[in-house]
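In case you want the letters, here they are:
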Amino acid sequence: MRTLWNNLLDLFFPDSCRICGTPLVEGEEQLCLKCLCDLPQTNYHTVENNPVEQLFLGKNRIERATAYLRFEKGGSVQKLIHSLKYHGNKELGYLLGRQMAKRLNADQSPICNVDILLPVPLHPRKKRKRGYNQSEWIAKGFGSVLDIPIDTESLSRVTQTDTQTQKGVYERWRNVCSIFKVERPEALRGKHVLLIDDVITTGATLSACTEALSDIPDIKISVLAIASA
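Remember, it's a predicted structure, so these values are computed and weren't measured experimentally. (Residues numbered from 1 in each chain as written. Predicted model: local features only at pLDDT ≥ 70, side-chain atom pairs only at ≥ 80, totals over all residues. Heavy atoms only, no water.)

### Observations concerning the overall build of the chain
Assigned secondary structure in the chain consists of ten helices and six strands. Residues classed as buried in the chain amount to 48% of the 229 residues present. In the chain, the share of contacts with a sequence separation of at least 24, taken over all contacts with a separation of at least 6, comes to 74%. Roughly 12400 Å² of accessible area belongs to the chain as shown, and the carbon and sulfur atoms make up 48% of that amount. (Helix = DSSP H or I, 4+ residues; strand = E, 2+ residues; numbered from the N terminus. Buried < 20%, exposed > 50% of the residue type's maximum accessible area, 1.4 Å probe, protein only. Contact = heavy atoms within 4.5 Å. Areas by Shrake-Rupley, 256 points an atom, 1.4 Å probe, with all protein chains shown as cover.)

### Considerations on the sheet that holds strand S6 (residues 220–228)
Ordered in space as S1-S6-S5-S2, the four strands form an open sheet in which the pairing is parallel. Edge positions in the sheet fall to strand S1 (65–70) and strand S2 (116–119), since each has one partner strand and no second. This sheet shows a mean twist of 20 degrees between the axes of neighbouring strands, independent of strand direction. Lying on the sheet, helix H4 (residues 76–86) is in contact with S1, strand S5 (192–200) and S6; it crosses S5 at an angle near 105 degrees. Sitting on the sheet, helix H10 (residues 204–213) touches S2, S5 and S6, and the angle it makes with S5 is about 160 degrees. (Pairing = 2+ DSSP bridges. Axes fitted to C-alpha atoms, helices over the stretch in contact; angles between N-to-C directions.)

### What about the pattern of salt bridges?
Under the counting rule described, the total for this entry stands at six salt bridges. Between Lys-127 and Glu-136 there is a salt bridge, with its nearest N and O atoms 2.9 Å apart. Among the residues examined, Lys-127 registers a relative accessible area of 32% and is labelled partly exposed. Residue class for Glu-136 comes out buried when judged on its relative accessible area of 15%. Its salt-bridge partner being Asp-151, residue Arg-184 comes within 3.4 Å of it at the nearest N-O pair. (Salt bridge = Lys/Arg side-chain N within 4 Å of Asp/Glu carboxyl O.)

### Section: the side chain of Ser-154
Mapped onto the elements, Ser-154 comes out in the loop between helix H7 (134–146) and strand S3 (155–157). The exposure class assigned to Ser-154 is buried, which follows from its relative accessible area of 0%. Looking at Ser-154, its side chain comes within polar contact range of the side chain of Arg-184, at 3.2 Å. Setting aside residues no more than four positions away along its own chain, Ser-154 makes contact with Lys-181, Val-182, Glu-183, Arg-184, Ala-187 and Leu-188. (Polar contact = N/O pair within 3.5 Å; in protein donor to acceptor, adjacent residues only side chain to side chain.)

### Considering the side chain of Asn-60
Within the element layout of this structure, Asn-60 appears in the loop between helix H3 (51–54) and S1. On the basis of relative accessibility, which here comes to 13%, the residue Asn-60 falls in the buried class. Polar contacts involving the side chain of Asn-60 include one to the side chain of Ser-207, which spans 2.3 Å. Look past the residues within four positions of Asn-60 in its chain and what remains in contact with it is Ser-207, Thr-210 and Glu-211.

### What to know about the packing of aromatic side chains
Going through the model one piece at a time under the given rule, you end up with zero aromatic pairs. Its guanidinium or amino end placed over the ring of Trp-137, Lys-140 lies 4.1 Å from that ring's centre, counting from NZ or CZ. (Phe/Tyr/Trp six-rings, centres within 6.5 Å; stacked < 30°, edge-to-face > 60°. Lys NZ or Arg CZ within 6 Å of the ring centre and 35° of its normal.)

### Remarks on H4
Given 3.6 residues to a turn, an α-helix orients residues that are three or four positions apart in the same direction. All buried positions along H4 are accounted for by Val-77, Gln-78, Leu-80, Ile-81, Ser-83, Leu-84 and Lys-85. In the core, the buried residues of H4 are packed alongside S1, helix H5 (90–106), helix H6 (124–130), H7, S5 and S6.

### A short note on the environment of Val-25
Here Val-25 shows up in the loop between helix H1 (2–12) and helix H2 (33–37). You can call Val-25 exposed: its relative accessible area is 51%. Taking the C-alpha atoms as reference points, Val-25 and Asp-15, ten residues apart in sequence, are found 8.4 Å from one another.

### A closer look at the packing of H5 against H7
Relative to each other, H5 and H7 sit at 40 degrees, their axes nearing to 6 Å. Between H5 and H7, the crossing angle belongs to the class labelled oblique. As for how H5 packs across H7, the hand of that crossing is right-handed. The segment H5 lies against H7, with Lys-90, Gly-93, Tyr-94, Gly-97, Arg-98, Met-100, Ala-101, Lys-102, Leu-104 and Asn-105 engaging Trp-137, Ile-138, Lys-140, Gly-141, Phe-142, Ser-144, Val-145 and Leu-146. Its residues assigned to classes, the contact of H5 with H7 comprises nine nonpolar, five polar and four charged. (Parallel < 35°, antiparallel > 145°, perpendicular 65-115°, else oblique. Left-handed = near helix turned anticlockwise from the far one by under 90°. Nonpolar A, V, L, I, M, F, W, Y, C, P; charged D, E, K, R; others polar.)

In C-alpha cells, the structure reads:
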C-alpha cells in the first residue's frame, strides 16, 4: 500500500531538477542528466599552480588545492550552493561530493591520496540553526567513494563570524583571523589532511584553518571545494 501511495505522489508531485526544474526520471537524483553533464567543471586538478592554489601563495604551505565547479553569480552552481546551504538540502552536498570524488579519482588526482577528510567546521550556534554542516555532507559524499575517514572532532570554530558574502577581500581575511582551534593535534600528526569547504572566494576561511593546523608536527594539508568564484 505504501509503495502504491509513493508512486502516486511521484506521479502528481515529481521531484524536479534543482537547476532547470524539469521533472526527474528514474535513476536521476537532484539533477537531470543534462544539467549534471553541463555543470561547469574547472578542471583545475589537472593544472599545476592553478587559480585556487594561487590564492594561498605566500600565505600558507599547502600540498594541493582545487575546486570542482566554477561559481558565477546567477548561474547554475549558485543555485546548487543556495539549495545546499539555505534550503536544508544536505543530501545535495553528499551527491556533489560523490561526483567530485568520481571525477578526481578517474583523473588519478593526487588529492585523492589523503589520510583524513577535514570539513571546515561551523560555529556550534550556526550549526544548530542550520541543522547540519554542509561541508560535512560534502565530505561524506567524497569519502564514500574513496573510503577515506572523516574527522569532525579535531578542528573547531571558536568564534562566530558575520557572513562573508558581502565583504571585500581585506574584510574577509580580517573576519576569519584566529577563529579556528585545534582540539586533537595528536590525531592529525604526520597525516595528510584534506580541508573540504563548499565555496572558495578569497581563500580566507581555508587559510585560517590552515594557519590553525600548521603547528602540528609533520602535517600535510590540501584543500578542496565544490566551487570557486
